Amino acid sequence: MTDDPWLQFMQMQSPAQGLSLREILGLDVQSMEDDEAFISWLFPLPEGCEIAPDAPVLTAEHFEAIKVSPKLRKQIGVNLDRVLLHWGIERQATQFLKGQNYEEQSGLWLCSLDHNHLRIERVLAFLTLTGFQLLAHELFKFLNARMQDELLGKIGSVKDWAQALQRKGPGN
């Protein structure tokens, strides 16, 4: 057993600022929106977090533990799936799809700058740093495509321009 707070938290042995991992994973939408610290516990970074100064900082010990522990890697996947659900996204292995709650939840991040954008940045950075680069890149591609779809949907002319390129003349 380790005395590292993040590793204990990830093994459901100790709470993070009053909430256990199980409780964080069970938070409802509004509680997740209101709580700024949970994301720093689920996905710590080497530079820590200004908003949650008591949150863990990702260390060499964490990198090694993630590399050698299938259980820890699985828990990271569970954590990722929970925040994706919060944003209306589903994951199937390394593929990302619109979830059943996409229409209700995507507005939390599919907008101009918002705290969920910073959360997404944190998740992408954590995944990249901890050996889940493919997952991070696939998630970025999904998010980027959805952002572009949203932008194109709001600017009708761009969609019309794209359709103009599909036109066929006589003999084409």
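To be clear, the structure that these remarks concern was listed above.
Computed from a predicted structure; not experimentally measured.

Chemist: Would you explain the overall build of the protein chain in this entry?
Modeler: Assigned secondary structure in the protein chain consists of 10 helices and 2 strands. Seen in sequence order, the protein chain has helices and strands lined up from the N terminus as α-α-α-α-α-α-β-β-α-α-α-α. Each of the three principal axes of the protein chain carries a C-alpha extent, and together these read 75 × 35 × 30 Å. When the 172 residues of the protein chain are sorted by exposure, 42% land in the buried category. Of the contacts formed within the protein chain by residues at least 6 apart in sequence, a portion of 58% connects residues at least 24 apart. Summed over all atoms, the accessible surface of the protein chain reaches about 10100 Å², with 55% contributed by carbon and sulfur. Separation between the mean location of the 16 positive side-chain charges and that of the 23 negative ones in the protein chain comes to 11 Å.

Chemist: Hey, could you run me through the packing of helix α5 (residues 60-68) against helix α6 (residues 70-86) in this one?
Modeler: Any two packed helices are characterised by the angle at which their axes cross and by the distance between the axes. Interaxial distance between α5 and α6 falls to 5 Å at its minimum, and their mutual angle equals 95°. Viewed along their axes, α5 and α6 adopt a mutual orientation that is roughly perpendicular. Residues Ala-65, Ile-66, Lys-67 and Val-68 of α5 pack against Pro-70, Leu-72, Arg-73 and Ile-76 of α6. Of the residues contributing to the contact of α5 with α6, the split by class is 6 nonpolar, no polar and 2 charged.

Chemist: I'm lost on the side chain of Glu-138 in this one. Help?
Modeler: Positionally, Glu-138 belongs in helix α9 (residues 133-154). Ignoring anything within four residues of it in the chain, the contact list for Glu-138 reads Thr-94, Gln-95 and Phe-96.

Rules and cut-offs
Residues numbered from 1 in each chain as written. Predicted model: local features only at pLDDT ≥ 70, side-chain atom pairs only at ≥ 80, totals over all residues. Heavy atoms only, no water. Helix = DSSP H or I, 4+ residues; strand = E, 2+ residues; numbered from the N terminus. Buried < 20%, exposed > 50% of the residue type's maximum accessible area, 1.4 Å probe, protein only. Contact = heavy atoms within 4.5 Å. Areas by Shrake-Rupley, 256 points an atom, 1.4 Å probe, with all protein chains shown as cover. Lys, Arg positive; Asp, Glu negative; His and termini not counted. Charge placed at Lys NZ, Arg CZ, Asp CG, Glu CD. Axes fitted to C-alpha atoms, helices over the stretch in contact; angles between N-to-C directions. Parallel < 35°, antiparallel > 145°, perpendicular 65-115°, else oblique. Nonpolar A, V, L, I, M, F, W, Y, C, P; charged D, E, K, R; others polar.

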